[in-house]
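Here is what each chain is made of, one letter per residue.
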There are 2 protein chains.
Amino acid sequence: MLTTKEHPSADRVWKTVAESFPAISRATVYNTLNLFVEKGLLRELHLDPDSVVFDPKLETHHHFIDEATGAIHDIPWDRVQVCNLESMRGFKVREYQVVMRGTKRH
Amino acid sequence: MLTTKEHPSADRVWKTVAESFPAISRATVYNTLNLFVEKGLLRELHLDPDSVVFDPKLETHHHFIDEATGAIHDIPWDRVQVCNLESMRGFKVREYQVVMRGTKRH
DNA sequence: CACGAGATGTAGACTAAGTCTAAATCATGA
DNA sequence: TCATGATTTAGACTTAGTCTACATCTCGTG
């Protein structure tokens, strides 16, 4: 999980882990994932309409959601830029990202 | 709903509507909201960790999430810009937005 | 080694958002 | 008025995420 390039849901992680550790409890997987988030080892994303997904990549980056497959792709931070953030006058922006949707070119 | 500046969840809409129409069924509210989305009268957002929220503002815009209150604010499209989108070479970007999190200044 | 205390994991119950279903009701045209 | 299709209802159902009580593990100490 901590090294995957994907963005699995908790249940997906559970199913994957259960292949190697069939005795592991679902609650343990949820609890562990949430602990990792709390301790800063993972980030949770609310991009998927069905569930929270977890992102092991801690460096700030953008996201591209493939509408055909549902896959979430990490986009390097400096690939695109958000210009004019200073104009957000009434807000203190702690973090931001560009969320893009579309399809992957072949 | 179609004119609100907020981003209510389905259940929030239900509770609001039920004040005027106590007989309305929860499923009707869900069904109607989903129909509105399908017909393009509303957009659904997956920004809130707890539920889908609905956005009546059809013009493209960005979002700012107030982490203190959970409130979602619409940010005018031209307030900030995403530069270098052409660099998304392997992707066909159908739509994008900047999602910002932080707090509102007093 | 034994023991106690705290941490961690388990198994299943529980909650709540969202969906489904069968039936009732409504709306419309003939 | 009636038939038909559309819409709504009320509650059941599903499932992601959380909670709970208990079991098990880990570690430090004597």
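In what follows, the accompanying structure is described. As the structure is a computational prediction, the values presented were derived from the model and not from experiment. (Residues numbered from 1 in each chain as written. Chains lettered and ligands numbered in written order. Predicted model: local features only at pLDDT ≥ 70, side-chain atom pairs only at ≥ 80, totals over all residues. Heavy atoms only, no water.)

1. A look at the sheet that holds strand S3 (residues 61-66) of chain B
Part 1 of the reasoning: With respect to topology, six strands assemble into an open sheet ordered S4(A)-S3(A)-S6(A)-S6(B)-S3(B)-S4(B), the strand pairing being mixed. Each edge of the sheet is formed by a strand with only one pairing partner; in this case those strands are strand S4 (72-76) of chain A together with strand S4 (72-76) of chain B. Averaged over neighbouring strand pairs, the angle between their axes works out to 30° when direction is ignored.
Part 2 of the reasoning: Here S3 of chain B runs beside strand S6 (residues 91-104) of chain B; their pairing, made up of four bridges, is parallel. Residue His-63 of chain B lies in a different strand from S6 of chain B, and its bridge partner there is Val-99 of chain B. (Pairing = 2+ DSSP bridges. Helix = DSSP H or I, 4+ residues; strand = E, 2+ residues; numbered from the N terminus. Axes fitted to C-alpha atoms, helices over the stretch in contact; angles between N-to-C directions.)

2. Section: the interface of chain A and chain B
Part 1 of the reasoning: With 34 residues of chain A at the contact, the number on the chain B side is 33 residues.
Part 2 of the reasoning: Between chain A and chain B, the buried area comes to about 3,200 Å², and carbon and sulfur atoms account for 54% of it.
Part 3 of the reasoning: Together, His-46, Phe-91 and Arg-101 of chain A form the three largest contributors to the area buried by chain A at its contact with chain B, with a combined 20%.
Part 4 of the reasoning: One can count four salt bridges joining chain A with chain B.
Part 5 of the reasoning: Taking the shortest distance from any N to any O, the salt bridge between Arg-94 of chain A and Glu-67 of chain B comes out at 2.4 Å. (Contact = heavy atoms within 4.5 Å. Buried area = accessible area lost by both parts, 1.4 Å probe. Salt bridge = Lys/Arg side-chain N within 4 Å of Asp/Glu carboxyl O.)

3. Some details on the protein's contact with DNA strand C
Part 1 of the reasoning: Neighbouring residues of DNA strand C: 14 residues in total, closest Ser-25 and Thr-28 of chain A together with Asp-11, Arg-26 and Val-52 of chain B.
Part 2 of the reasoning: Here DNA strand C approaches the protein such that, of its atoms within 4 Å, sugar and phosphate make up 61%.
Part 3 of the reasoning: At 3.1 Å, a side-chain N or O of Asn-34 of chain B approaches a phosphate oxygen of DNA strand C.
Part 4 of the reasoning: Looking at the surface near DNA strand C, the elements with two or more residues in it are helix H2 (26-39) of chain A together with helix H1 (10-20) and helix H2 (26-39) of chain B.
Part 5 of the reasoning: The greatest single-element share of the surface near DNA strand C, amounting to four residues, is contributed by H2 of chain B. (Near = heavy atom within 4 Å. Polar contact = N/O pair within 3.5 Å; in protein donor to acceptor, adjacent residues only side chain to side chain.)

4. With respect to the side chain of His-7 of chain A
All names here are of chain A.
Part 1 of the reasoning: With respect to the secondary-structure elements, His-7 resides in the segment before helix H1 (10-20).
Part 2 of the reasoning: The exposure class of His-7 is buried, given its relative accessible area of 9%.
Part 3 of the reasoning: One polar contact links His-7 to Asp-74, side chain to side chain, over a distance of 2.7 Å.
Part 4 of the reasoning: For His-7, the residues in contact, after removing those within four places along its chain, are Leu-45, Val-53, Phe-54, Asp-55, His-63, Ile-72, His-73 and Asp-74. (Buried < 20%, exposed > 50% of the residue type's maximum accessible area, 1.4 Å probe, protein only.)

These figures capture arrangement, not role.
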